[in-house]
Amino acid sequence: MGPSIISFSLHFTFSTLKHTSKINHCNAVKTQIYTQKSALSPSKLQIDQTRNVNHWLSNTMKLYNCPRTTIFGATKHEFISRGLVNATQDVSERKRRSEDLISKLLDRRWSLDKPDAKVHQVMYTMKQTRMTSRFVSDVNFSINANPKLGEACMDESYKCPSFYVVRDDLLHPLANGNKARKLDALLPMIEDFLGTDVVTCGGVQSAHAAAVAVSCAERGLRSHLLLRGEEPEILTGYNLISSMYGKSVYVPRSIYAKREEMLLTHAKAIASASGSVVWFTDILDSFADLSDGVHCIRTPDNKNLEDGTKRVVIVKEGAGDAVALLGMIRLVQYLSQGHILGNKRPYNFVIDSGTGTTAIGFAVGALILGLPWKITAVMLADTVDGYKKQENHLISDFRRYYASDFTYNTSENELINWVDRETPRKFGNVVEGEINACQQVAKQTGILVDPIYTLAAWEQAVQLSQREHEHGSKVVMLHTGGTLGMFGLAQRYKSYFSTLQGLQ
């Protein structure tokens, strides 16, 4: 039997097409494809290989605004357009550019020692023919803490529906999930800038504020946390962690409403007359202006804090700057390794979205790497228009600071599928029955989810995995952490927690 369709197509695309005229291109391709189609009965492996390369080509072309049709479309339609010939001639160059961009983005110091995250598999069966409520009470869950991953699971099939969970909630005992990922590249840049103090803000139970406090303390930086509202009678949850690791200041809501003014005033008071204050975005600007891209590295020789001079850095609420995308891109690159999830199989990632930064960073990473992954983001705090505005803003800043030639074609495919929560509500509110649902998930799987964020992603993962069970693609939920917030919720919703009982 002659060479496989995939081998023929790649060889023909990258070699033959470069040395013949455009007319001969089309004639030769028609003849070769007809011969191949007549001579071969492609095996399932050959078809799968063709689809995998087709996925990569499609995503790579979308990244650079090229036509989505690939060389493999010719095996079906027996023609190649002039634009397709030009596009396929440059595929290897685009792949090289993607690899160079990833190398540029990830070749830096990080806050996390390594990007690794455990991946578990959740299987479930329905108690009823179909779910009769918006919660998971109609489902029995079980967990596989050591599932087959990578190439080993490509052809794996299961009798019952299932989905994977990326356990970012296990990154750190206190500062975990997407809050740690957002700080992954940010804190080393503050150190490179020789910052001594960090000022940020958030709610009383802000996971971001707690993550900043813990991470700064671990790196020898002082954190100052401006928390909205009144100090609780008893500190608990993230509020307790913030106060243990940093300096918490409770700010009336009327003052907190003017965040920038509040942050700047407090930072100037910390710096005093001898110190200096800078917004983190100014640090980004200074690094972007360095022609050689070399950052100043903090060492004992240049730290020079003996005189007590303070360099105060202001980090905005949630740390939702373009630098936050880098930590997510690092995670995507880790997950795409062959022994984890690989880069061939289509996955649908479900991510709960407060500001949307995590989902946007994840989607950008998948696009740059040419992965056949979809991103479904569950909206928790804004409308579709609001999230798309955030998407455009962050990608604009990403181009400005890291990849000026980065682009994607929104006319054919959305970067992210923004979806409503199963039960929409004002952000931060809990609906009756959700605490019990979190308890059920915890007892049956050992995974703790919270009703504000991760329960919404869990419910969406269950629904999607039911539909995807028959179609070969797999659903993956990114666990974004936030579980310490349950302690704060127990203070606000005492009646929901006081009635917790064991499962019947």
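The structure under discussion appears in the preceding block.
Since we're looking at a predicted model, the values are computed, not measured.

Reading guide: rules and limits
Residues numbered from 1 in each chain as written. Predicted model: local features only at pLDDT ≥ 70, side-chain atom pairs only at ≥ 80, totals over all residues. Heavy atoms only, no water. Helix = DSSP H or I, 4+ residues; strand = E, 2+ residues; numbered from the N terminus. Buried < 20%, exposed > 50% of the residue type's maximum accessible area, 1.4 Å probe, protein only. Contact = heavy atoms within 4.5 Å. Areas by Shrake-Rupley, 256 points an atom, 1.4 Å probe, with all protein chains shown as cover. Pairing = 2+ DSSP bridges. Right-handed = clockwise from strand over helix to strand, strands pointing away. Axes fitted to C-alpha atoms, helices over the stretch in contact; angles between N-to-C directions. Salt bridge = Lys/Arg side-chain N within 4 Å of Asp/Glu carboxyl O. Phe/Tyr/Trp six-rings, centres within 6.5 Å; stacked < 30°, edge-to-face > 60°. Lys NZ or Arg CZ within 6 Å of the ring centre and 35° of its normal. Core = buried A, V, L, I, M, F, W, Y, C linked by side-chain atoms within 4.5 Å. Parallel < 35°, antiparallel > 145°, perpendicular 65-115°, else oblique. Left-handed = near helix turned anticlockwise from the far one by under 90°. Nonpolar A, V, L, I, M, F, W, Y, C, P; charged D, E, K, R; others polar.

Draft legend 1. Representation of the overall build of the protein chain. In terms of helices and strands, the protein chain carries 21 helices and 12 strands. Split into buried and exposed, the 504 residues of the protein chain put 53% on the buried side. A separation of at least 24 residues holds for 79% of the contacts in the protein chain among residues at least 6 apart in sequence. Total accessible area on the protein chain stands at roughly 23100 Å², and carbon and sulfur atoms take up 50% of it.

Draft legend 2. Summary view of the pairing of strand 5 (residues 222-228). A large share of strand 5 lies buried, amounting to five of its seven residues. Here strand 4 (residues 197-203) pairs with strand 5 via seven bridges, running parallel. Bridge pairing in strand 5 links Gly 203 to Arg 228. Pairing of strand 5 with strand 6 (residues 247-251), which is carried by five bridges, proceeds in the parallel orientation. Opposite Arg 228, over in strand 6, you have Val 251 as the bridge partner. This β-α-β element, strand 5 to helix 10 (residues 237-245) to strand 6, shows right-handed connectivity.

Draft legend 3. Molecular detail of the environment of Ser 473. Structurally, Ser 473 is set in the loop between helix 19 (454-468) and strand 12 (474-478). Residue Ser 473 is classed as buried on the basis of its relative accessible area of 16%. It is 7.1 Å that separates the C-alpha atoms of Ser 473 and Arg 345, two residues lying 128 residues apart in sequence.

Draft legend 4. Structural view of the sheet that holds strand 5. Taken in spatial order, the five strands make up an open sheet running 6-5-4-8-7, and their pairing is parallel. Each having just a single partner strand, strand 6 and strand 7 (276-279) make up the two edges of the open sheet. Strand-to-strand twist in this sheet, taken as the mean axis angle between neighbours without regard to direction, amounts to 25°. In this sheet, strand 8 (residues 311-314) lies alongside strand 4 in parallel orientation, the contact comprising three bridges.

Draft legend 5. Seen up close, the pattern of salt bridges. Summed over the entire model, instances satisfying the criterion amount to 16 salt bridges. The closest approach of N and O atoms between Asp 405 and Arg 97, which form a salt bridge, is 3.1 Å. With Asp 405 in the loop between helix 17 (384-401) and strand 11 (417-420) and Arg 97 in helix 6 (residues 91-106), this pair connects stretches of sequence that are 308 residues apart. Taking relative accessible area as the criterion, Arg 97 reaches 30% and is therefore assigned partly exposed.

Draft legend 6. Layout of the packing of aromatic side chains. Per the stated rule, a full pass over the model turns up 16 aromatic pairs. Three or more aromatic residues link up through ring pairs in this structure, and these residues are Tyr 164, Tyr 347, Phe 349, Phe 362 and Trp 373. Of note, Arg 228 hangs over the ring of Tyr 256, and the distance from its end group to the ring centre comes to 5.2 Å. Its end group placed over the ring of Phe 193, Arg 311 keeps NZ or CZ at 4.3 Å from the ring centre.

Draft legend 7. Quick look at the nonpolar core. Phe 280, Leu 335, Phe 362, Trp 373, Phe 398 and Tyr 402 are the most contacted members of the largest nonpolar core, which totals 85 residues. Sort the elements by how many residues they give to this core and helix 15 (residues 323-335) lands first, with nine residues. Ignoring anything within four residues of it in the chain, the contact list for Trp 373 reads Val 332, Leu 335, Ser 336, Leu 341, Gly 342, Arg 345, Tyr 347, Phe 349, Phe 362 and Ala 366. Val 441, Leu 455, Ala 457 and Tyr 493 belong to the second-largest nonpolar core, a separate cluster that totals 31 residues.

Draft legend 8. Main features of the packing of helix 9 (residues 207-218) against helix 10. Where helix 9 contacts helix 10, the two axes come as close as 8 Å, and the packing angle between them is 30°. Regarding the angle of helix 9 to helix 10, the classification is roughly parallel. In terms of crossing hand, the pair formed by helix 9 and helix 10 is left-handed. Here helix 9 contributes Ala 207, Ala 209, Ala 210, Ala 213, Val 214 and Ala 217 to the contact with helix 10, which in turn contributes Tyr 238, Ile 241, Ser 242 and Tyr 245. Across the contact of helix 9 with helix 10, the residue classes break down as nine nonpolar, one polar and no charged.

Draft legend 9. Molecular detail of the sheet that holds strand 3 (residues 162-166). Strand order in the open sheet formed by seven strands is 2-1-3-12-9-10-11, with mixed pairing between adjacent strands. Of all the strands in the sheet, just strand 2 (139-144) and strand 11 have a single pairing partner and so form its edges. With direction set aside, neighbouring strand axes in the sheet form an average angle of 30°. Pairing of strand 9 (residues 347-353) with strand 10 (residues 373-379) involves seven bridges; the strand directions are parallel. Bridging across to strand 10, Asp 352 finds its partner in Val 378. Against the sheet, helix 16 (residues 357-368) engages strand 9, strand 10, strand 11 and strand 12, with an angle of about 170° to strand 10. Along the sheet face, helix 17 touches strand 9, strand 10 and strand 11 and points at about 150° away from the line of strand 11.

Read these as geometric descriptors, not functional statements.
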